[in-house]
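As a plain string of letters, each chain reads:
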Amino acid sequence: MSKIALITGATAGIGLATAMELGKGGYDIIINGIFQDQADEALVTLKEAGINAEYFEADITNEDAVNAMFVAIGAKYDKIDALINCAGGLGGRSRFEDMTTEFYRKVMALNLDSVFFVSRAAIPFLKKGENPSIVNFASIASYNAGGPGAGIYGTSKAGVLTITRALAKDLVEYGIRVNAVSPGTIDTAFHAATNRDIMEGWKNGILMKRFGEASEVASVIEFLVSDKASYLTGEVIQINGGQDFL
Ligand code: NAD
């Protein structure tokens, strides 16, 4: 039976690169997202690479939508081997003095509630998986609290570090490993709203003096879900070209 990977937020960026990497490694891929047009393009790209992929739409900040997605997935699949909780984002920038409660809740929901909703619903499927594991997305902002106006993003991603270890403890009895990647600056639409000239300056703070590619995160995820990482759980891997110790 094929291995199955569910990747949230996989219609673009690092999620799509991960779908490509795992798909080439023999996984059948379930991609999740919220934009049908992006999904259509992603499915064409994956199918051209010979990858079996299917799209399930759900806003992962919405508990009911997540549960409905898993009912739909359950009608077609009886197990999941790898869950990649990739969907997330800045959600905008706001300094604390001006921050609305609505903005705070939106960013926490996108990056942290989503990991809870999706992981909880995936557990019955992962229990039936082979070498099952979850990979969450932390960030360099989990540690440095984010750039200007990204304080709640950093806070939500710090929560991802702890929920990763909490899930690892909770799920070890089922043989489910739970790890996280912690990217630095990866060149995706995540940074679409940031001024490109300002971004160029960020390279001075990166040892390798360049941004990462989505595929450079995907290859680490491929390792984390593989048998080669069989003794890794509750771990966080930094992928930042040496950004964190300069
Ligand atoms: P991206 O913006 O290119 O892709 C995000 C994907 O998530 C898109 O496909 C989008 O449609 C989807 N998405 C957004 N909101 C969603 C929702 N509510 N429900 C379902 N899907 C939703 O970003 P990316 O760079 O690929 O980011 C992927 C992950 O990596 C995120 O968790 C992000 O916080 C994290 N990260 C990125 C960077 C970076 O520099 N790019 C750095 C650190 C961490």
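Structural data are supplied above this passage.
The sections below set out a description of the structure shown in this document. On a predicted model such as this, the values are computed, not experimentally measured, just so you know.

### So, helix α3 (residues 63-74)
One turn of an α-helix holds 3.6 residues; hence residues three or four places apart share an orientation.
Piece 1. An ideal rise of 1.5 Å per residue puts 16 Å on twelve residues; α3 measures up with 16 Å between its terminal C-alpha atoms.
Piece 2. Taken residue by residue, α3 has Val 66, Met 69, Phe 70 and Ile 73 as its buried positions. Relative to the axis of α3, the buried residues are bounded by an arc of 95 degrees and lie together on one face. Summarising the geometry of α3, the exposed residues directed more than 90 degrees from the buried face are Asp 64 and Val 71.
Piece 3. The inward-facing, buried residues of α3 abut β1 (3-7), β2 (27-33), β3 (53-57) and α4 (101-126).
Piece 4. By the N-cap criterion, in which a side-chain oxygen at the helix start approaches the backbone nitrogen of a residue two or three places on, α3 is capped by Asn 62, the distance to Asp 64 being 3.0 Å.

### Describing the site of the ligand
Piece 1. Not every one of the 32 residues close to the ligand is listed here, only the nearest: Ile 14, Cys 86, Tyr 153, Thr 188 and His 191.
Piece 2. In the environment of the ligand, an oxygen atom lies 2.8 Å from a nitrogen or oxygen atom belonging to the backbone of Cys 86.
Piece 3. In the model, an oxygen atom of the ligand is placed 2.8 Å from a nitrogen or oxygen of the Ile 186 main chain.
Piece 4. Compared with its free state, where it exposes 820 Å², the ligand has 92% of that area covered by protein.
Piece 5. Counting only elements with at least two residues in the shell around the ligand, the list comes to α1 (13-24), β2 and α6 (151-171).
Piece 6. In terms of residue class, the shell around the ligand is made up of 16 nonpolar, 14 polar and two charged.

### As for the sheet that holds strand β7 (residues 236-239)
Each strand in a sheet pairs with its neighbour through backbone hydrogen bonds, running either in the same direction (parallel) or in the opposite one (antiparallel).
Piece 1. Strand order in the open sheet made by the seven strands is β3-β2-β1-β4-β5-β6-β7, with parallel pairing throughout. Edge positions in the sheet fall to β3 and β7, since each has one partner strand and no second. On average, adjacent strands in this sheet sit at an angle of 20 degrees to one another, irrespective of strand direction.
Piece 2. Bridge count for strand β6 (residues 177-183) against β7 is four bridges, and the pairing is parallel. By the bridge assignment, Ala 180 is partnered in β7 with Val 236.
Piece 3. Its contacts with the sheet put helix α2 (residues 36-48) on β2 and β3, and the angle it makes with β3 is roughly 165 degrees.

### As for the side chain of Thr 194
Piece 1. Among the secondary structure elements, Thr 194 is positioned in the loop between β6 and α7 (196-202).
Piece 2. Setting aside chain neighbours within four positions, we find Thr 194 in contact with Arg 93, Met 199 and Trp 202.

### Examining the pattern of salt bridges
Piece 1. In the structure shown here, the tally under the stated rule is six salt bridges.
Piece 2. For Arg 120, the salt bridge goes to Glu 63, with nearest N and O atoms at 2.8 Å. Highlighted residues: Arg 120 in helix α4 and Glu 63 in helix α3, separated in sequence by 57 residues.
Piece 3. By relative accessible area, which is 36% here, Arg 120 ends up partly exposed.
Piece 4. Glu 63 sits in the partly exposed class, given a relative accessible area of 34%.

Conventions adopted
- Residues numbered from 1 in each chain as written.
- Predicted model: local features only at pLDDT ≥ 70, side-chain atom pairs only at ≥ 80, totals over all residues.
- Heavy atoms only, no water.
- Helix = DSSP H or I, 4+ residues; strand = E, 2+ residues; numbered from the N terminus.
- Expected span 1.5 Å × (residues − 1).
- Buried < 20%, exposed > 50% of the residue type's maximum accessible area, 1.4 Å probe, protein only.
- Arc of directions from axis to C-beta.
- Contact = heavy atoms within 4.5 Å.
- Polar contact = N/O pair within 3.5 Å; in protein donor to acceptor, adjacent residues only side chain to side chain.
- Near = heavy atom within 4 Å.
- Areas by Shrake-Rupley, 256 points an atom, 1.4 Å probe, with all protein chains shown as cover.
- Nonpolar A, V, L, I, M, F, W, Y, C, P; charged D, E, K, R; others polar.
- Pairing = 2+ DSSP bridges.
- Axes fitted to C-alpha atoms, helices over the stretch in contact; angles between N-to-C directions.
- Salt bridge = Lys/Arg side-chain N within 4 Å of Asp/Glu carboxyl O.

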